[in-house]
Amino acid sequence: MAQPARKMVGPEKLEPELPDRSRKILDLLSAGMDSLEPSVIQNLVGNLVRLGEIADEFSRPEMQALLREVAGAGSSLRGLIAEIKELQETGTMDALLELGSTLQAMKDSLTPGVVAGVLRQLVNALAMLDRIQTFRGDRLVEGMVAALQEAVGENKDKSPQGLLSILRQLNNPEARKGLGIFASFLQKLPAHLN
């Protein structure tokens, strides 16, 4: 058994007189220490040493600066926690996690060949947009849409025209010019599709 925490020498006590409550607390602590095994005391001392080392870490200036930063960001952290809680309550967090899992699965399934193919298609699309811009294709598309809207508006409440009426409209120089462009387009299209 371990040695008592305090020793009495003769009839005199070495400790000063303490109030009754303090004496009881001291006796309780002494009894607790007397009942401990040496390995338990050694473990307790080791934990106290580690606790002292942790306290020493917290006393370093950089750690204190970090703690001040965390304390200053307390309101922001509380707001962030409230936002996360709201996302969880509405089910949005689950949807975001599922989306993240899906994106991760897509990323994991990408092979170098797939990535190269996607990049090649992207480069081709950008090159085509550049050619359209150079040719002023945006004006061409806008003109075609405007002409189609006009034509639909003109013929909205009319009965269908007869074949002779349509052929008479071909005498109009603008109609012939449009048909010429369209015929030329139809002739050149197959070469570009192959």
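Nothing here was measured: the structure is a model prediction, and the numbers come from that model. (Residues numbered from 1 in each chain as written. Predicted model: local features only at pLDDT ≥ 70, side-chain atom pairs only at ≥ 80, totals over all residues. Heavy atoms only, no water.)

1. Focus on the overall build of the chain
In step 1: On a plain count of helices and strands, the chain comes out with nine helices and zero strands.
In step 2: Scanning the chain from its N terminus toward the C terminus, one meets helices and strands in the order α-α-α-α-α-α-α-α-α.
In step 3: The C-alpha atoms of the chain give a radius of gyration of 44 Å, which is well past the 16 Å a tight globule of 194 residues would have.
In step 4: Residue burial in the chain is summarised as follows: out of 194 residues, 3% are buried.
In step 5: A separation of at least 24 residues holds for 30% of the contacts in the chain among residues at least 6 apart in sequence.
In step 6: Accessible surface, the chain: about 17200 Å² in total, of which carbon and sulfur atoms supply 64%.
In step 7: Of the side-chain charges in the chain, 22 are positive and 25 negative, and the distance between the mean point of each set is 11 Å. (Helix = DSSP H or I, 4+ residues; strand = E, 2+ residues; numbered from the N terminus. Rg over C-alpha atoms; globule rule 2.2 N^0.38 Å. Buried < 20%, exposed > 50% of the residue type's maximum accessible area, 1.4 Å probe, protein only. Contact = heavy atoms within 4.5 Å. Areas by Shrake-Rupley, 256 points an atom, 1.4 Å probe, with all protein chains shown as cover. Lys, Arg positive; Asp, Glu negative; His and termini not counted. Charge placed at Lys NZ, Arg CZ, Asp CG, Glu CD.)

2. Some thoughts on the layout of surface pockets
In step 1: Roughly 1100 Å³ of volume is contained in the largest pocket.
In step 2: Every residue lining the largest pocket is counted, 20 residues in all, and those nearest its centre are F135, L140, M144, I181 and F185.
In step 3: Sort the elements by how many residues they give to the lining of the largest pocket and helix 9 (residues 173–193) lands first, with 10 residues.
In step 4: There is about 200 Å³ of room inside the second largest pocket.
In step 5: Residue lining of the second largest pocket: A147, E150, A151, E154, N155, K158, Q161 and Q169, and that is the complete set.
In step 6: Top element by residues in the lining of the second largest pocket is helix 7 (residues 137–154). It accounts for four residues.
In step 7: Residues belonging to the lining of the second largest pocket are distributed by class as follows: two nonpolar, three polar and three charged. (1 Å grid on protein atoms, 1.4 Å probe; cavity = no way out; pocket = protein on both sides within 12 Å on 5 of 7 lines; lining within 4 Å. Points joined across faces, edges and corners; volume = space filled by probe spheres on them. Nonpolar A, V, L, I, M, F, W, Y, C, P; charged D, E, K, R; others polar.)

3. Observations concerning the pattern of salt bridges
In step 1: The tally for this structure, following the rule as stated, stands at two salt bridges.
In step 2: For R60, the salt bridge goes to E57, with nearest N and O atoms at 2.6 Å.
In step 3: Residue R60 is classed as partly exposed on the basis of its relative accessible area of 34%.
In step 4: Linking R60 and E62 is a salt bridge whose minimum nitrogen-to-oxygen distance equals 2.7 Å. (Salt bridge = Lys/Arg side-chain N within 4 Å of Asp/Glu carboxyl O.)

4. Looking at the environment of L36
In step 1: Examined against the element boundaries, L36 turns out to sit in the loop between helix 1 (20–34) and helix 2 (38–58).
In step 2: For the pair L36 and V114, spaced 78 residues apart in sequence, the C-alpha to C-alpha distance is 68 Å.

On their own, these measurements won't tell you what the molecule is for.
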